[in-house]
Every structure is written in C-alpha cells, then in structure tokens.
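The chain contents come next:
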Amino acid sequence: MRMFTIVISILTLYGVLDLSVAPASWHMDLAKIGLENIAIGVHATALSNFFALLVAMSFMIISITTYHYKLSKGFYFLLYLLTASLMLIVYSADYLLFFIGWEVMSITTYLLLSYTLTYKALVKYIIFAMASAMSLLAAIVILYSGAHSFLYADAHHAYTALSSTLQTVFVVLMLFALFVKLGMIGLHYWLVDSYSQSHDFFTPFLSAVISKMAVYALIVLLVQVIDIAALPNTWIVYTLALTGLMSSIIANFKALNEDSIKRVLAYSSIAQLGYIVTVLSFADGMSGALYHSLIHTLVKLLLFINVAGIIYMTSKSKFSELGGLIYRMPQSFVMLLIGIIVLAGMPPLAGFASKYLIYNTLLEHGNLLILSAMMFSSASAFLYIYKLIYGIYLGHPTSKKLESIQEVPLMFLIPQYLLSAILVIIGTFPGLLTGYFNTILVELGIKQLPQEGISVLATQNGSYNGFIVIAAFMVVFMLVLLILLSLRSKVKEAKDRFDIAYCGEVPNEGTHLHYGYSMGKELKRVGFIATILKNSSSHFYEYLSKQLFAFATFFRKIYSGNLSVNFNIAMIFLLVLLLWGLK
Amino acid sequence: MQEGFIKEGFTQESLLDETHLKEQKQMESDLNSDTSHQSSVDYLMNWFRKRSIFVLAYGTGCGAIEMPPTFTSRYDAERLGIRGAATPRQADVIIVSGYCSYKTLRRIIRTYEQMSNPKYVLALGSCTINGGMYWDSYNTIKKLEEYLPVDMYVNGCMPRPESILEGFIALQKEIAEGKASSWQKYEENYEFYRKNQEAVLGSKVAPAYDADWYLYDGGL
Amino acid sequence: MIIFDLLGMLLTAYFVGFLYYGLYRNITARFQRRIGPTVLQSFFDSIKFFSKDESTSHGWMFYLGPVIMTTGAVMTLFFIPFFYESESFRGLSQYGNLFVVLYLIMLGPLGNAMGVGVSGSPFAAMGITRGLTRMFAMELPFYIAVIALMSINHSADIATIAANQTTINAFAYPLLFIGALFSFIAMMGNSPFDVVGAPVEVYSGPAAEFSGKFLGLLMSQSSIMSFAKLVLMVNLFLGGAGGFIELLVKTFILFLFVIAFGSIYGRFKTPQSVDFLVKVPTAIAVAGLLLATLGGQ
C-alpha cells in the first residue's frame, strides 16, 4: 500500500506539471439536466497550477514519510480522497464545485483526524469546520443572487450588482469562513489541538497544504471578486491587516508557553499565515503572499517531518523529555537547523526572500506602523525558534534511553534532504521564481516584479543579491574556520557532558541541567506578554457554550418533555397557522 | 611601599645573621636576574601573558576580603592589566586566598583543573604556607603545595592590597622570564598530587577528567 | 578591486574596534577616579587568548559557534558602506540593502547560540534566552525609526539615506534619533541593558564555556560588530562620513555617549528592560514617525 501511494503521488505530480505546461479546461452547463442558470467547470489557470503544485508536492513527500507507519487501507483511501478534493478546490472554475471540494476536504480531514484525536478536540474541529462551511455556503448563495451564476468569470459582475449591505454581509461571511480555516487568532480554537494530536506525518499535510487552500480562496476573493486594487482604504483592508498582525504577534508569544513540540509548531503556523493575510490586504502584496505560501509550505513540511522522525525514534514529544540528541542524530540536527533559519527569515536562506517582498509592499503603501509591528513579531519569533532546537537537540538528555538513540530511518531523511536542498537553492537564487510568479501576476492583472537575473530578487524599490550573500557567507566562514584551526592552541575535548564549569561543583545524573521547556516562561513577568498568555479564546467559547446551555434550559421550560404540554404547544401553533392562512 | 620607613643606620641587613643574609642575597639576585633561555616566540607570548592577567572571581577563604579593594578604584589593579573573570574557562590566575578547608579544597581542585593552560596559582596568606592561624584544625589543609602547584606566595594575615599588588608584579616578572610553569609541574607530578588529594578527600575527590588528556598529544 | 576594499574595511574595523574597547576601559576608569589599563589592553587580551596552550571544546558544533558569530559580524560589516559618496570602502553594500543588514545583525548571535547550547551549560542557555528576549524588545524602537527613515528617503539603501541628509537626521528628526539611541545602547550591550552577559550573576551568560582561542575569536568579533553598528548609526542618523577622520570622530562621539550612559546606570532585569524598551523608546519613536510622515506630507 505504501509503494502504491508513492506511485500515485508521483503520477499526481506528473499530471499537475503536465497541466501547468498545457492547460486544459472543461465546462458544462447544467441546464441540460434541468438546473437552470447553473454552469460548472474546471480550468487550469496559473494560480490554480501553483497551488496544485504545492498540493502534489506535499502529497508526494507525505507518502514517502508514511513508509514506516502501519496504516489501514481506509486511511489511505481517505488520504487519496482528501487530495482529490484539494485538487477540485484549486482547479474549479466556479463556486459550486469549489464548495463541494471544500466540504469533502472538511469531512475527510475530520475522518482522518478521528483516528487519533481526543473526543473534545475532534468536536472542536468539526464545529469550527461546519461553521466555516455554512458561512461559506451562505456567502456563495448571496453572490449567486447578484448575477445568477456561480462562475468565477461572472463573480466580479455579481459582486458589483449586489446592494452595499449585501456586499458587506457577503464579505463578512467569506472572511469569517476563511479566517476559521486559516486559524486567525480568535477563531483558532480548533487548530492547535488538531495539529498536535493528529498523526505525526499527517500534521505536515494539515499545516502546509490545507491552510493554503484558504489562502487560495482568499486570493480569488480579493482579486477576482472584490478587486481590492480599486478599493484602497476600505474597512476590508484594515480588517485583513489588523487580523493578520494580531495573529502573528499573539501566536508568536503563545508559542512560548508550550511544552509539546507540535503545539509550538502549530502556533508558528498561525503566525506565518498572519503574515500572508496582512500582505494580502494590498493588491501588490500578491507576489509576497505567493512567495511566502511556497516557502511556508516547504519549511513546515521540513519541520514537521523532522519532529515526526524524532517522535518515531524516541516516542517522546515534549521538550521536557528530550534533549542532547545532536551528536546521536547529526543529520536531523542539520535539517532542523536549516528549517529554523528559514523560519526565522535569515538572509542566506529562502526565508528572507519572502519576508523581503512582504516588507517592501508594506513600505511602498506607507503602512509604517504595521510594518514595524510585523518586523517586531518576526524578531519575537526567535525565542520559540531557539527553544525548538535547544529543547530537542542541544542541552542534556533527560533520560537514559536518549543516550543510545540511533539516527532516524532513511525514509524520514529523504524528504528532508529534498526540501532543504530546494530551500537552499531558492535562497541562493531568489530570482529563479520571479518569472514563474510573474505569469501568475499577469493573469491576475497585477503589476509584475522586475526581473534582474536569477540571483537577484528585485522589487520596485530595491533589490538584493542572494548569491552574493551566500557566497560571502561561505567564503568568510571558510577563512575564519581555517584561521581558527591553524592557531597554536590545542583543543581538548570535554570528557563527557558533565565537564561543564558549574561553580566548582560536579553535576551528576540527578542534577537537572536541561534548561529546555521552561525557556521563555520568565517572560510572563512582562506586562503585555502576561496579558497575551493569560487570556485565551477558550474562555470566550466556553462562555458561549454555557450561554447556549442556558438558552436550552430556557427552552426546556416550553418543550418540557411532558406530553400534555407538547400537545398544547402543537395545538396553539396550528391555531396560529390557521388564522394566518385564513387572513 | 613607603620609603624612608627604615631609619638611617638601621638597615635590614644588620638584622640578619650569616645564613639568612646569604639566602636573602640569593633571593634578591634571583628576582633581578634575567635568564633569557626562551625562544623569541616564547618571549613574545610571555610578554603578552604578563600584560593581560584574568583573575578568577573566587574568594576561597578569609583572605578574599582584601581582593575587592585591590581591584577597585583605591588600589586599581587594572593598571597592570589585571581584571576579573567569571568562569574558570576564562581565567588565568586562581587566587587561593587563605585557608582551605577540605570542602573548599575539592572545589578549588575541580576549578583549577577546568582552567586552560597556562594557568597560575597565587597563594595569599600564611595559611597556605604552613597552616597559619588554623595550624591545628582538623578540617583544613596545612601546606597547599602538596595539593596544588603554587607559583607565588604572598605572606601576611591577610596581605594588604599593596602586598597583593607586589605579588602580582613578582608573578608578572616570573611569567616574563618563563619561570612560572606550575601547570607543567602539575602534569608531570600528577600522581603525587592526586595521592595527596585522595588521602584528604577520600571518595569525594573530584573526577579525574584532565588526567587522561595529559597523555593526549594531538587534536584540532 | 573589491578584495582590497573588503580587506581594508575588515582591518579598519578590527583595529579601531579594539582601540575603542581599550579606550572604553580607560574612560570608564577615569569616571571611577582611577587610571585604568593602557589603550592597547584589548589587543593584549585577545593575543593572550590566542596564545593559550589549550582550549576546551564540546564537539564540532561548539567549534562552529564562534565561527558563525564572526562570519555574521564580518558580513554585517561588509554590507554597510563607510563613506556615502565614494567608490572605496563600499564593500558589498550595492548588492544588499538595509533590510539585509538588519537581519544579518541577528545572524551571528543565533549561530553562536547553537554552539553555546551544545556545551550543555544551563547558565549559558539562560544567557541566550535573556539575549533573545532583549533582542526583540530593543529592535522595536530601532525598527520604527529606521522604517521612518526609509519611508522619508523612499529607499532602503544605506548610502542613499546617508547622502540625502542636508541637515543630519539627529537634528532633523530628534525623536526618531532618541528612540533609536535607546535601542543602540542595548545593541552595544551596555548598561542598563547588559544583563545578558552579566559576569558573576549568570556566570557570564553565553560566554560561559568558551576558553582559549574561542574566547579570543569572540572578543575579535565583538569589536568588529561594535564598529559595524557604530558605522550604521553614523550613516543613518549622523550624516554619514566623507572621509576617515570624519568617520572616526563621529563614531567616537557616539561611542563616548554610550560609555558615559552605561557607567552611570545600573542594570535592569530582563523583564524590566523589555517593559521599558517596549514602552518609553517605542512611544518616542512612534511620535517621531507620525511627526515625520504626517508633517512632511
């Protein structure tokens, strides 16, 4: 079954690449089967091809990673169905098929999650997914009422034909639906538990790909339906910008409190998606959003697969139970190091390229305070990024078992090598993707990025040369290393992990030396961080559910289960209907 | 040091008898001699080492009360290039400032072994020479030389900052002449020192981390 | 030739940086009514460390920690032009811009954090956490001020910002300068924001396990990085420099201010410094930004 999945994924990738090169489309007018005014279709636009490529690539990488897990055939079936629904979402040319794909995606994800999630987490997921789907349906139906068509081609016409109240309602419903799926702060109640409790190899799929479907829908909404380039200063722009900003700042701090590795990465996903949402509030930001989607997909796949390997070998998933694995698993360490350099957005590697585009967009549009807040949140991410690598690989091992662990199996390492190679290449030659993104931008009707060579990432305001940065880094690194090696003093290896300067004391096995999971908790003494960490959206939702129960208790007084009372109510209802009908 | 303290006609030499006078003259000539038996690279290295001394911030005994005045504004040891260091990894000199109880001795040995060569030991006070005030205590060691190699003694109880500075200047002179090589003495006579340490500390002796490395001759 | 350019920048930064640190100890000593060491003392310290007979290491990652930190410092230096209208000492600045420099400043410490973490000293890990915490707090006013400058000059290129200053930015936009100055004191690691490497309190923080040649390398990169940050501030706020003398004078004035500030004030705890930096300098910088962008339009 595993090999079959890998083969299927390669075929899918081949199909997507084929469609990118030779686009095709299919339309059908359902009037033939009696449904008037409904036309459906699928097409392969440049935007669809990009997101389909992300899906196919992630599917292939996940299928390689599932090699060492024993899964039932039902699981594989659901996985294929999920991928098919994602393809339907990106390739559909109308909102009806889009919604069908969306629903199938939600339900297959629910079934896939039900293998490992606790009951409470599962209920949280399905309530939020259904809320998102229903509000999406309502928005689509409102849009249909504008021009009696579901097609994307008619969507802008339909939107402008709506009254302004209906336009606001439509946008609010759509944004609500998409923000739930993106996990924006306030609506993220379901996300952290789902990511942390799902199968270790399924979480990268959730984080890397399924959130990008919401990004795709948001791009279609903002560019094709609403045409945000023509509405520069409306409430939509500010909502998007502030929601994205708040998500990235708050999620970056909430990640500090967590002991479980996957929860930290879940909050990190929320923060990174916050960057994308903020920059999408401007039409010019499309290039930054696309670049960041690509980089975020790649890096989250890398990080989650690395963590999956760790959990597979050690069966521990908390920082307080890990530590000191660097010399036992050096290859995994280097892969995670590359992953966190990209996540932090450091210049030699690819993370900086997408951040650079985002910052340039915000600078051009003069949103300086939002830009400073974005850079601040990017700097505050360093804390949990360091905690991630320190808690797992550096420091001291917290149990005997960790001192004799082997390296992860090859099937975990192959995807990581592939992903980090891609990230390094994109970092060295950031201009490679400019041409590709320009085709998408041309199709969307947005100004293109200037192309100045494959190693230069250029925007209207300036550029930087990725190849020079990484070449300078390599040359200086080699020179300094040579100088250090050729110096006179001999290097004495510390005898074992207890040979540290510990104020004259000799630590032993019982001394607690691994400063792993409590890293960052001391920040609770700072005012605004304490506010962020103390409050949680769970308070609000529990309050909401209590109110629902109170409301239900009130209704219990009427529908009390007592047969005579119910009969009386039914009679009164019929009487009212009769009187109204007779009128 | 204040001049004119000794009155005219009352020299130190007249206080000493023959043998002690010969010893005194020998010591003074040793202090003033410049046996340049070093290569030029060693000479240069030792010149830099004498100009920059990092002292471990570790007060081991009651003599430590005289260390803060030495390093602060009144007596200012920083003019000689001496400053404090926080960890043994960064330090060159460890000052054993007074008596060493067995409890402290274990930490001093562990700390000394974690310092990197070349390292020097400056012993303050008479307790390190012969037990000093605690000569009949059940809990302190009497001769530091049996447990750690000492480069320079500064006697007194406790030595004032001026004496400590004079000790540093004498240490600098020894470093410049290449004679302050107590770390080599420790490596070469490790069994002797280890035997004494174990006799006193028993099972609580510090782990022998650095012993194996003395036989190691390669590395990055 | 660009190699001579880069080599010249590196040697200038190395020697002038060490000289400034010697002057730092001398001037601080005079504030404390004593004499202090010679001006060349930092050179002596660094050469003594390089000439140590042995250094302790905790594996290959420990070896790479100071190397990456030095690489980060040297690269930051290379991307900052020394003079605003000259072909020489321009380094690699035409291939990068201010965003690249702002992120390269953080590259070194993060690489060092790997080496520090692998040593296994819990005090060192505590020091790293304090360093990262201080970093995101101190970058906020600095980013606000720098972004305001980028917006006013419509460019993210350092040489352009330096050359555009008819009246130097410290007088034209004083609130931005004051906000950035607080961050700059924290960036140089001076009191009251120097709790990161507190010598005895946290066992010198990130430098806890480094000995011998590693410590010598850390001292060298510290001087190069300080000089790079000084030149950056001079370019952004003090009008850039036309020649060597002007550069040395301006960097020294800034450095003197930082020393004087540091020798008066005690040390903030980490949450206290975060609290302060996010409130007072940020408010000043935001006020400066609003004045600069709204007033100028």
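Just so you know, these numbers come straight off a predicted model, no measurement behind them.

(A) Spotlight on the pattern of salt bridges. For the structure on display, the rule yields 27 salt bridges over all chains. Among the ionic pairs, A:Asp200 bridges to A:Lys262, the shortest N-O distance being 2.8 Å. One end of the pair, A:Asp200, is in the loop between α8 (191-197) and α9 (202-225); the other, A:Lys262, is in helix α11 (residues 261-279), with 62 residues separating them in the sequence. For the pair formed by A:Asp200 and A:Lys262, the shared burial category is buried. Measuring nitrogen to oxygen at the nearest pair gives 3.5 Å for the salt bridge that ties A:Lys492 to C:Glu54. Linking A:Lys492 in strand β5 (residues 490-493) with C:Glu54 in strand β1 (residues 54-57), this pair reaches from one chain into another. Exposure remark for C:Glu54: the relative accessible area of 3% places this residue in the buried category. A single salt-bridge network, built from bridges that share partners, covers B:Asp76, B:Glu78, C:Arg25, C:Arg34 and C:Asp45.

(B) A look at unusual backbone geometry. The peptide bond linking B:Cys157 to B:Met158 adopts the cis configuration, its omega dihedral lying at -10 degrees. With an omega of 0 degrees, the peptide bond between C:Ser191 and C:Pro192 qualifies as cis. Relative to the helices and strands, C:Pro192 is located in the loop between α8 (174-187) and α9 (212-237).

(C) The arrangement of the interface of chain B and chain A in detail. The interface of chain B with chain A comprises 18 residues on the first partner and 17 residues on the second. Between chain B and chain A the total buried area reaches about 1,600 Å² when both faces are included, carbon and sulfur atoms providing 50% of it. Linking chain B with chain A are 2 salt bridges, by the criterion used here. One can count 5 residue pairs in polar contact (both at pLDDT 80 or more) joining chain B with chain A. Counting only elements with at least two residues in the side of chain B that touches chain A, the list comes to α2 (40-51) and α4 (102-114) of chain B. Broken down by element, the side of chain B that touches chain A gets its largest block of residues, 6 residues, from α4(B). The residue makeup of the side of chain B that touches chain A, split by class, is 6 nonpolar, 3 polar and 9 charged.

(D) Looking closely at the environment of A:Phe202. All names here are of chain A. Looking at where Phe202 falls in the secondary structure, it is placed in helix α9. For the pair formed by Phe202 and Ala214, sequence separation is 12 residues and the distance between their alpha carbons is 18 Å. Sequence-distant contacts of Phe202, defined by excluding residues within four places in its chain, comprise Leu79, Leu82, Thr109, Leu112 and Leu113.

(E) Broad picture of the nonpolar core. Residues and elements named next belong to chain A. If you look at the biggest cluster of nonpolar residues, it comprises 368 residues, and the most contacted ones within it are Phe51, Tyr95, Phe170, Leu218, Ile219, Tyr386 and Tyr393. If near-sequence neighbours (up to four positions away) are discounted, Leu218 is found in contact with Leu175, Leu178, Leu182, Leu240, Val277 and Leu280. Formed by 7 residues, the second largest nonpolar core is a distinct cluster that contains Ile500, Ala501, Tyr502 and Leu513.

(F) Seen up close, the packing of aromatic side chains. Within the structure shown, the criterion is met by 83 aromatic pairs over all chains. With centroids separated by 5.6 Å and ring planes inclined at 40 degrees, the aromatic side chains of A:Tyr502 and C:Phe123 adopt a geometry described as tilted. Here A:Tyr502, found in the loop between β5 and α20 (527-534), pairs with C:Phe123, found in helix α5 (residues 122-153), and the two come from separate chains. On the basis of relative accessibility, which here comes to 18%, the residue A:Tyr502 falls in the buried class. Overall, the relative accessible area of 18% leaves C:Phe123 in the buried class. What links up through ring pairs into an aromatic cluster is the set C:Phe182, C:Phe193, C:Phe257, C:Phe261, C:Tyr265, C:Phe268 and C:Phe276. Lying across the ring of C:Phe49, C:Lys48 places its NZ or CZ 4.3 Å from the centre.

(G) How the structure looks around helix α15 (residues 368-380) of chain A. All names here are of chain A. Counted at 1.5 Å a residue, the expected span for α15 with its 13 residues is 18 Å, and the 18 Å between its end C-alpha atoms agrees. Across the 13 residues that make up α15, a large majority, 12, are buried. The set of residues buried in α15 consists of Leu368, Ile370, Leu371, Ser372, Ala373, Met374, Met375, Phe376, Ser377, Ser378, Ala379 and Ser380.

(H) Highlighting the interface of chain C and chain A. With 70 residues of chain C at the contact, the number on the chain A side is 71 residues. With both sides pooled, the region where chain C packs onto chain A buries about 6,500 Å², and carbon together with sulfur makes up 77% of that total. For the pair chain C and chain A, the number of links is 23 residue pairs in polar contact (both at pLDDT 80 or more). Looking at the side of chain C that touches chain A, its residues break down into 46 nonpolar, 18 polar and 6 charged.

What counts, and where the lines are drawn
Residues numbered from 1 in each chain as written. Chains lettered and ligands numbered in written order. Predicted model: local features only at pLDDT ≥ 70, side-chain atom pairs only at ≥ 80, totals over all residues. Heavy atoms only, no water. Salt bridge = Lys/Arg side-chain N within 4 Å of Asp/Glu carboxyl O. Helix = DSSP H or I, 4+ residues; strand = E, 2+ residues; numbered from the N terminus. Buried < 20%, exposed > 50% of the residue type's maximum accessible area, 1.4 Å probe, protein only. Contact = heavy atoms within 4.5 Å. Buried area = accessible area lost by both parts, 1.4 Å probe. Polar contact = N/O pair within 3.5 Å; in protein donor to acceptor, adjacent residues only side chain to side chain. Nonpolar A, V, L, I, M, F, W, Y, C, P; charged D, E, K, R; others polar. Core = buried A, V, L, I, M, F, W, Y, C linked by side-chain atoms within 4.5 Å. Phe/Tyr/Trp six-rings, centres within 6.5 Å; stacked < 30°, edge-to-face > 60°. Lys NZ or Arg CZ within 6 Å of the ring centre and 35° of its normal. Expected span 1.5 Å × (residues − 1).

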